[in-house]
Structures are given as C-alpha cells and as structure tokens.
Amino acid sequence: MKYHFNEIETKWQKYWFDNQTFKADNNSDKPKFYVLDMFPYPSGAGLHVGHPLGYIASDIYARYMRHKGYNVLHPMGYDSFGLPAEQYAIQTGQHPAETTEENIKTYRRQLDQIGFSFDWSREVRTSDPNYYKWTQWIFIQLFESYYCNDADQARPISELEEVFVIEGNSRINAATDEDIEIFFEEDWKSYSEKEKQEILAKYRLTYLSDTEVNWCPALGTVLANDEIVNGVSERGGHPVVRKKMKQWSMRITAYAQRLLDGLDKIDWPQPLKDSQINWIGRSEGAMVKFPILSFPKGEEKADSKNQDKRSPGYMTGGNNSHLLIEKAQEMRNNPTPAEDALWQSLKAKNLDVKFRRQHLIDDFIVDFVCLTKKLIIEVDGKIHDSKQEQDQKRTDILNKLGYTVIRFRNEEVFGNMDTVLSEIKKNLESSIIPPSGARGIEVFTTRPDTIFGVSFMTLAPEHELVSEITTHEYKEAVEKYVEATAKRSERDRMADVKTISGQFTGAYVEHPFIEGKKIPVWIGDYVLASYGTGAVMAVPCGDQRDYDFAKHFDIEIPNIFQDIDISENACEDKSAVIANSDFISGMPAKKAIKRIIYELEQKGIGKGKINYRLRDAVFSRQRYWGEPFPVYYKDGMPQMIDAKYLPLRLPEVEKYLPTEDGKPPLGNAEVWAWNSIENRVVSNEKIDNKIVFPLELNTMPGWAGSSWYFNRYMDAQNTEEFAGKEALNYWKDVDLYIGGSEHATGHLLYSRFWQKFLFDKGLLPVEEYAKKLINQGMILGTSAFIYRWEYENGESDKAKKIIFVSKTKMESIIKERESIENSKRGVIGEHVDLVNVSKNTSSDKWSHFTPIHADVSFVNASNELDIAAFKNWRPEYKDAEFVLEDGKFIVGREVEKMSKSKYNVVNPDDICIDYGADTLRMYEMFLGPLEQAKPWNTAGITGVHGFLKKLWKLYHTGENDTFHVDSSPLEKSGGALKILHKTIKKVDEDIANFSFNTSVSSFMIAVNELIALKCDKRDILEPLAILISPYAPHIAEELWNKLGNDGSISTADFPIFEEKYLVESTKNYPISFNGKFRFTMELSLDLSKEEIEKVVMAHEKTKQYLAGRTPKKVIIVPGKIVNIVG
RNA sequence: GCGGGCGUGGUGAAAUUGGUAGACACGCUAGAUUUAGGAUCUAGUGCCUCACGGUGUGAAGGUUCGAGUCCUUUCGCCCGCACCA
C-alpha cells in the first residue's frame, strides 16, 4: 500500500476537528503546560513557508508534552488590527473588518492544513469588540493609577487625591512628569477641577501630553521614525515636519527598573535580554545643579550705574519665577510697616553683607535674603499663627536648598530692633555656606568624580533655559544657532556626528565646589534634549566629545588625571586616578564618585541618580483600524467612559483618510459623541458640551491588543472579566513562548509592562508572563535571477530585443571581457557574436548585464528556467531571446528575505499538496537549528519525504506491501530495542534542548537501521509511532490506528527510555599516536588501564606505527581513547 | 562608536563534559531497474595524491598527551542601538 499522505492528512485533520481533540480544560489532575506562539497579523498575502516555522516547533513541543502527561494549553489567534487592512480600505473602500475576516479565513485554512494542535475554542482577535472591550478596560485601569516609588508598585489615583487634600504633594514619591511642582493642601483646595485634573495627569500611568511627532501633511498622518528616510516620507517622498500634538502616552518609564530586574527571573535568549537592557539604558551617576551666574532680568539692575562693571547676580528663582517676579516687585513697592522698618535697619547697619528684599528663592518670595550667606529672614504678622504648618513646610523646602530661615514677629521688629539685628548678626557669623542659587542648570553625569575637570557646560539648543540665560550680547548668535539646528531633522543630527558646532551664550554658572569659579555655558547640538536633563557638564579631559568641542572652540582642557597624557585625546578610562581635585585627589574613580555624591547631597546641590534612556511610549495613532479610546472630552479634559458601557465600538466612516483639517480618520464619523447621561454613542450634532461630549479621535497602537492576549487565552470566552481568577490562577503563565526577535523592544517589552501593572493591581498572579522564550530564526528565500543584456553606446535600447543570457555563459562573457580589458585589445568575444549583438569596438563603454528577479516557480531544482512560463509571465518578455548553455537556461541564485516583490515566496499550500503536511513539518525542522536564520530550498525536501515513505514502508512489509506487524513477544535480540531506546533518549534530549533538527536525523537513522534489520515487531514499531507523532502527527495517527488502537495517538504515553538497552560490553577504541588517530581496536569495557595498555602495546599495528621507538607515555581514558606519546 | 551573534565540504548542517571532524540530508558520480520519470535500489563523494600518505573547522599564536570545542590577538559577515553625558 502506498503512502497516500493527502488522504491520511485530510482524514485526521477532520478527526481532530470533529472530536475537539486539542481542547484544553481549565481543570485537570494533570500538571499544566502553556505553549504559546506569537499570534500573526492576518495579511492579505497569506502564509509563506517561513511563517509556520515557530508554530511547528511549538506544536511539536505541545504534542510532546501531551504525550508526557501534561494538560497542554496551545492556543492561536489573530493580531487583527493593523495598517495594511486600513490602507487597502483607503484604496478600495472595502471595510477593514471585511478584509480582515477574509484574510483570517485564508490563514485558518492554511494553518489547519499543516495539522497544528491548536485549541481553536480559545481563539482571540484583537479587532473583535468582545476582545478590545478589555483592552479599553485595561486602559482605564492605567488611567486610574499612578506609580508609587515607595511601595514600588502601581496604586489607585484616588489615593493621591486623598493625600493632596490633607497635605499636598510634597511627600508623595511617585513616577511623574519632570515638571511637577510642589503644592500644599490649601493650594489643592483652591485649584479648579480642571487644574486638579491637570496635576493628576502628571501622575497617571497613561496621560495626555504634547508630544513631538513626525507629521506628513501630504499623507495626512503621523509617521514613525522608521517611516522617514532622509527627512521625507518613505512612501512617496513627501516632506515631513516636526509637530507637537496632543497624544496619549504610557508611563512605562515608571517600570524601567522592574523591567530590568525581571529579566533575571526569565529564561529568555541573552541577545534579546541585551537589547531590552540596552533599550532601557540604565546609567548610574549623579544629578548636579550648577548655580547660574548671569544677568537675568531684574538682576542686571544690581549695578546699573556702570553697565560695563556689571557683576553676575545669582538666579535663585525656581521654575515659576516668571509668574512671581511681578508680584515680588509689587511687594517690594508696598512693604508692610514691619518689613519696611527692618529693611531700613538692615541698610543702615553695616553688616558687611548685602541683603535683598522680596526676593525669589525657588518658587517662594522671601522677605529678606542674604544670598552669600544663604540666610533668609521672614517677618510675620498675626495672620501666620493660623498658617504655622504651611510655614514649616516652606521652611523645610528652603532648608533643603541650603538656606537658614529665621523668623521674627512684627511685634519683635517694632519692639526691639536691636535684639532682632543681633540675632541676625549671630546667624550671619555661624553661616559659612558658600553662595548658591536655587535656580541652576541641572546636569546628569555618570562621572561626577570628574567634576573638577569641568571647563564649560553645554545645553541642548532646545533647552528651556537657553532663552532666559543668554545675554544681550550673544542673543542674536544663539537664536541663529537654535534656528539652524531646529531646521535639521533629528535624523540628520544623528547621522552627522563629525561636524562640531556650538555657540556661547554669554552666561556662566558657578562651580559647585570651587567658590567663584565661573564656567561658561554653551549650547551645542551634540547634546540631546531628550536624554537626562538636556544639559551636560563638559569635562574635556574625560570625555572625547567634550574634548573635541573644547579643542574646536579653544576652551581650556584642565587635566584631572594622575600621570595621564591628554594632549591628544580625552581619557575615558575609569581606572585613572583623580588628581588636582581638592578632596578627591588621589582617589580611584569608584571611591571618588561615592565621595562626590556624598558631598553633593550634604550641600543640597545634587544627589546620586539613576537615569534611563527609555522614554514614555506614545500610545495614540491617527488611524481608523485600531481600538478606540474609551475617552470623551469635557472642557478639554479627558474623561473615561464607565467600564460598564464598554466596548466602545469603532464608528462607521465614509472615508478612512484623515479629515481635511488634519483630524484622524475617526473625525469623519458622524455618530461619534458621548451622551454622559444615557451612556451611549450619539450623533455629533447633539454635542452641547454639557451632556453630550466629543469622543477621542485617535485609536490605540498595534501593541495595545498584543500586550495582554496571552492572558485572554486562559479564559477567552469570559464576558464578565478580562479573564477569570480561577483560570488565571490555574494557567498562571506561559511555559514556552516562541516568536521572532524583531519584537524585542516592542511587543516583548510593552507586554511585560502591562503584565507588571496588572500584577500590581492584583489582577494577575505572576509578574512575568513567559518563563521561557525562544526566538525562531527567519526562513529566507532563494531568489532566482536571470541576466538581461543591456545595450550601450548610444543606440536606442527600445528598438533592441530583450536578450537574456544563461548564468554560466554570462559569467564567461564577463570574464572574457575582463581579459580583453586587461590586454586592451578592445575586441569583443565570440559569445557576443552568438547573441547577434553588434560588436562594440570601444573598450571603455561596455554593455552590461542586469540581474532581474524571476519567479522561483519557473525554476526547477537544477536551476533551469522554464522559458515558456517565463515568457508568459509578462507581456514585455513575450518576444525575449534566450541564450542557452548546453540547451538549458540556468538562473543565478541568491539568498534574500522571502518577499512578494522578490518573487521568491514559497507557499506552504503547494508543499502540502506535493509532499504533505508531515513532510513540510519535518523538513522545516530539519533545515537547521530553530533559532538560526536559514534559506529555504525546496529541492532538499525529497530527503525528508523519502524518509516518511520509508517509515510507511516499515509498517507495510506484508504481501503486496500491505500493513504488517509481528505482535509476538520480542526475542532477546537487542538490536532493535537498542535502536529504539537510543532514539527515545535522543529525542527526549533534543526536545529539551529545542534541537528539533537533530531529532529528525535520529529518526532517519532509526528507520534506516530498522529497515536493515527487517524489523517488524510491534514492540518496536508501536513506540516508534508515538515517538514520531509530535513531528509527523498525521502518519503517526494512521499507523497508530492500523496498529489497532482506538482514538487519537495524541495522548498515548511517551515511551520511557531504559538505560539497560544501551549498555555496551565493548568499545571500539580509537588508538592515536601523538594525538593522531591511526586505527581502532575492539576492547572489553571491563579492562583496566593496565590491561588496555598491555593489549594495545602488543598489537602489531602499534609496533608498526612506533617503528622501534619506545613510547614516553601512554594516555588511556577507559571507554574513550588511547593515545601513545613518543 | 557601543552591545550581541556567527565563521566547519559544492549546499543545509552534526559533533553532551576537550577524546575517531563532517552524523543526517541535498547535490554530484557510477551502476542496477523501469516505456518513462522529478520513482526505487546499490556503491562512492572534505581537499591534495595513481597510490602510500599528507592535509583540513576564517587567520595567527597559546594551553594540553589530545582543541571545531578552552585562552589571546586578528580578519570577515550578520543583527540591535546609535552624539546616552
């Protein structure tokens, strides 16, 4: 009986479907095992032969684990929101849902045909409202949460509101926007509802913010960085501008450390971990604040009498100075009687120091301050009795900034000015803190130990302080520079690393440890606004970029390294000893860093800080085909739709393009407003901003739905929860996840973030969702090229025939041409005559060959082109001429990514028809290691197909090749048993190591050997069928059935390896001389070293190879090798 | 520049702890069989050499009785990040 794979495969696929063979139960006595594949985006092109590679591997694993007695969850679904369906909709008007539905049907048919053991009852589709309902729900949970750094977990936002009412935000340690300001309970109470919401947004784990995006007006959409090439759109080459847009962001940065720490707990490939580590980009260092010495507005009056002799003042105000400065002026002009009295006294008494009144310190207006001594004097009226607590907080903050605050009551000032003054004097004496303002430039540095080597400071041109600190003199130059950099795209700036550019601002900061040392502040585009604080302390002797900058602009380069020459290059070596650095001189970097951080913290001007490269993730897309946000806008502020009313379904639109005024496609929807009373979507006409409000027009990005789908599989039909507690606790996490490494810093990072968040909320039992992950390598295509002869020398190409030249011939023409070139004969070779091309007599202008992709389906295994098929492919090739070699046309081959445009796609459907699914499965595994990229070559498939035929034959040794096994008990002859157990052992090990390619080999070896033995024993062939069943399930089911078993083979117990069948009594020892193998000797394994030596030395070949010499040494490793040295 | 991975026949690749390099296949060669084959079977196939033998895992060193495997240097290819302070 022949191996009719098509019949067998259809039969068993139907059986599995009818019997729900692979439906997993959420309740079982068996241990659980969860095998997951990355679900595909169902594209219109269908699956090619590369896609199922990972699915086959995971299916083998899942089937193997079922044999091993596990309750296996092996689901599949579709990541069905996405761009191609939307673009197709723009072109054709067909609803993306319809296209997607069609594509899914194709996918399902293709997947079924390969015989996967998926539990389809748990299928998920991200575009299904029953699914995205829960994606929206998770979004709401994120909105209602903030990240508490003290508890190191996400907490409800309502907690914050409770604290704000009682004591403001000064004691909250949370992950927030950078520009968070301190406020007190009175402030909170005085804020409007909108202001409160604006503040809370800075804490929420998802928030709206103005984000710079790449806007392409011609395409009417935002583009991702990788969709832009050389400043224009990849598609169509339209210009792209940077534009600020209100976008949803995810505060993934809150989880940076935990995302890093979690990697230690999971068995994922190291390269993938490395790229996540790299992406998160943790660096340890310090924040240092350099006080600004400048001529800021207001301060420059300090010495207005003599413009040339202006001395720098200290900018001590905080970030809100611009709001407070007028008020301070007003207060200066209208002092209270007590303030006025004290002011007069302070001026009159010569205290040797300068006092300022109503001065800005951070975001406070203090009554009097001596900046050089950092002493603040406050004069309070009665009103302050009721505000003591608030005053204390203000004092605390000022103390933190290094100021001493002393407080007098109005009565004291009027009653006894002398006592007040002597008190002030006393404080001035004791205070020896050097001057420093609250206003300063903060920098992040990983090398705080090099702080004494700072000779300038560089700000990113976009830094917010640039406009404030630039002096009059440099204003024009700075503005010009800022404008010039703004014009260049981020990409240009990054690509152009070599050009050094920058501009001095005229401003100075003061060195934190060297009193009075002025450090010039520059701007330069080598500093990125988006990393750290957007400012660097430049240490030219310790950083090459700073060094180059300093050299270029002729800035001093102080050397702070002991015995290191920095005349040519900076020294970035951390092992250098610090010198010329006051209290850290002589220390190695590590110690110096510790000390500096300690000192910075003591002085309140800096602290140890861990900085991350990771940015918050922009979560808005200006697309139609994605999850709608469950958000409407009231007074411009986002409001969440109550979870009860989810899903918020995608509205119908007429056009899938953005609107003419640049709104996202959902702006075309006519019924897209939220009635907050009836809690339903209503027509836009009803918007009154009282009850009916506009809905969000953006949709969620592709990674929203894929960030939690693995949890949904555990309880895919649940309508009450995103997944039930019981199911979640049973399946817990993925035991094996297989997918591509291209998702390393996308899906695989975002999904870990969501998992951790949901874990924090107590909604999930584990913090990492996938214990083990394998990246399958890409299967590459083998493109076929044919070589087109290109005419030159001015003759009209169009009039000429299209001529293709067979590969070897083409190569020999080129070779010949080279030799002609070399000999400068200028005569063309005979091959050109053969193709009737007029001879080129000028040797400097050769015609040449252009390789053209030919569809691989026109090419056979011997690289011969089916010329007739090729001519029919394209009308322009109809009359083409072909120059053959030995009567054949041979194509060139090259390995490339499999893609439609390269005509090298191999369809699994064709393989299944020609060779069967079992052959496809085994061949894909046989190609090479799972994790490695490898080219597809259909020609090689015959080896695996032949193997399956041999396997079939092994069970069909009856008359006329009918099914036959010998069920009589096995005789003693251990040969077959040894083969079986050797194979069991190998397959067990290989599956444990995900080395599927080698187990296919061992099956081949086993079958070859069993055929040689003419083995027909049931005791061998039955376990063999189970062994092969994970790899080739259809043929295994058929054989299992023929062996007389009922039901599916899929849960048959996997054969158990027994060592006893492999025990050998002898070993064929390799005998080496000086490490060189010469011959073998069959010896008993019972022999001792001495006995082996004796036998080997007595062997005549040994004598022959020794040729009379006496060996110096004989190495004997029992059971392994004999090596004779001498 | 930084981080990671990989270099073994004509091709895809094997080689648990260092112990007979190239298993298993493809391809190729020869033969058998068949009306024919892209079917089946047999034998051979790293390279050099008629052979004896020599040589061989990108290259060069080293450790070792013994190295594809360990160490150092170096070259090439691929992937990720990229002025990250």
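Bear in mind that the values here come from a model prediction, so they are computed numbers and not experimental data.

S.K.: Before we go on, may I ask you to explain the overall build of chain A in this structure?
M.R.: When helices and strands are tallied, chain A shows 36 helices and 39 strands. Counting only carbon and sulfur atoms, one obtains 49% of the accessible surface of chain A, whose full area is about 53,400 Å².

S.K.: Can you help me understand the protein's contact with RNA strand B in this one?
M.R.: Close contacts around RNA strand B come from 53 residues, with Thr446, Tyr531, Arg545, Leu927 and Gln932 the closest. Restricting the count to atoms of RNA strand B within 4 Å of the protein gives a sugar and phosphate share of 62%. A distance of 2.4 Å separates a phosphate oxygen of RNA strand B from a polar side-chain atom of Gln932. Between Asn997 and RNA strand B, the recorded distance is 2.9 Å, taken from a side-chain N or O atom to a phosphate oxygen. In terms of residue count, the dominant contributor to the surface near RNA strand B is helix H32 (residues 996-1013) (six residues).

S.K.: I tried to follow the side chain of Lys1017 on my own but got confused; where do I start?
M.R.: Relative to the elements of secondary structure, Lys1017 occurs in the loop between H32 and helix H33 (1018-1028). Under the relative-accessibility criterion, Lys1017 is labelled buried at 17%.

S.K.: Is there a simple way to explain the sheet that holds strand S25 (residues 673-675) in this structure?
M.R.: Each strand in a sheet pairs with its neighbour through backbone hydrogen bonds, running either in the same direction (parallel) or in the opposite one (antiparallel). Within the open sheet, the three strands sit side by side as S26-S25-S27. Their pairing is antiparallel. Each of the sheet's edge strands pairs with one partner strand only, and the pair in question is strand S26 (680-682) and strand S27 (692-694). Between one strand axis and the next, the sheet turns by 40° as a mean value, whatever way the strands run. Judged from the three bridges that link them, S25 and S26 form a sheet pairing that is antiparallel. Residue pairing for S26: Asn675 is matched across the bridge by Arg680.

S.K.: Please explain helix H19 (residues 544-553) as it appears in this structure.
M.R.: In an α-helix, one turn spans 3.6 residues; hence positions three or four apart end up facing the same way. Within the sequence span of H19, burial applies to Asp546, Tyr547, Phe549 and Ala550. The buried residues of H19 occupy an angular sector of 165° when the element is viewed end-on, so they sit on one face. Contacts from the buried residues of H19 go to strand S17 (456-459), strand S19 (518-523) and strand S20 (535-538). Count one or two residues on from H19 and you reach Asp554, which has phi positive near 60°.

S.K.: In this structure, what is going on with helix H6 (residues 157-167)? I would like to understand it.
M.R.: Listed in full, the buried residues belonging to H6 are Ile157, Leu160, Phe164 and Glu167. Around the axis of H6, the buried residues are gathered within 105° of arc, so they sit on the same side. Summarising the geometry of H6, the exposed residues directed more than 90 degrees from the buried face are Glu162 and Ile166.

S.K.: I tried to follow the pairing of S19 on my own but got confused; where do I start?
M.R.: Side-chain positions along a regular strand alternate between the two faces of the sheet. Of all the six residues making up S19, five are buried; the element is thus mostly covered by neighbouring parts of the structure. Looking at chain direction, S17 and S19 are connected through three bridges and run parallel. Residue pairing for S19: Thr458 is matched across the bridge by Trp522. One ladder, built from five bridges, connects strand S18 (residues 503-510) with S19; its direction is antiparallel. Across the sheet, Glu510 pairs through a bridge with Lys518, a residue of S19.

S.K.: Is there a simple way to explain the pairing of strand S39 (residues 1121-1125) in this structure?
M.R.: The sheet contact formed by strand S36 (residues 1066-1073) and S39 spans three bridges and is parallel. When the bridges of S39 are listed, Phe1073 appears paired with Ile1124. Both strand S38 (residues 1113-1117) and S39 contribute to a ladder of five bridges, which runs antiparallel. In the strand pairing of S39, Ile1115 is matched with Asn1123.

About the cut-offs
Residues numbered from 1 in each chain as written. Chains lettered and ligands numbered in written order. Predicted model: local features only at pLDDT ≥ 70, side-chain atom pairs only at ≥ 80, totals over all residues. Heavy atoms only, no water. Helix = DSSP H or I, 4+ residues; strand = E, 2+ residues; numbered from the N terminus. Areas by Shrake-Rupley, 256 points an atom, 1.4 Å probe, with all protein chains shown as cover. Near = heavy atom within 4 Å. Polar contact = N/O pair within 3.5 Å; in protein donor to acceptor, adjacent residues only side chain to side chain. Buried < 20%, exposed > 50% of the residue type's maximum accessible area, 1.4 Å probe, protein only. Pairing = 2+ DSSP bridges. Axes fitted to C-alpha atoms, helices over the stretch in contact; angles between N-to-C directions. Arc of directions from axis to C-beta. Contact = heavy atoms within 4.5 Å.

Bear in mind that shape data such as this cannot, by itself, settle questions of function.
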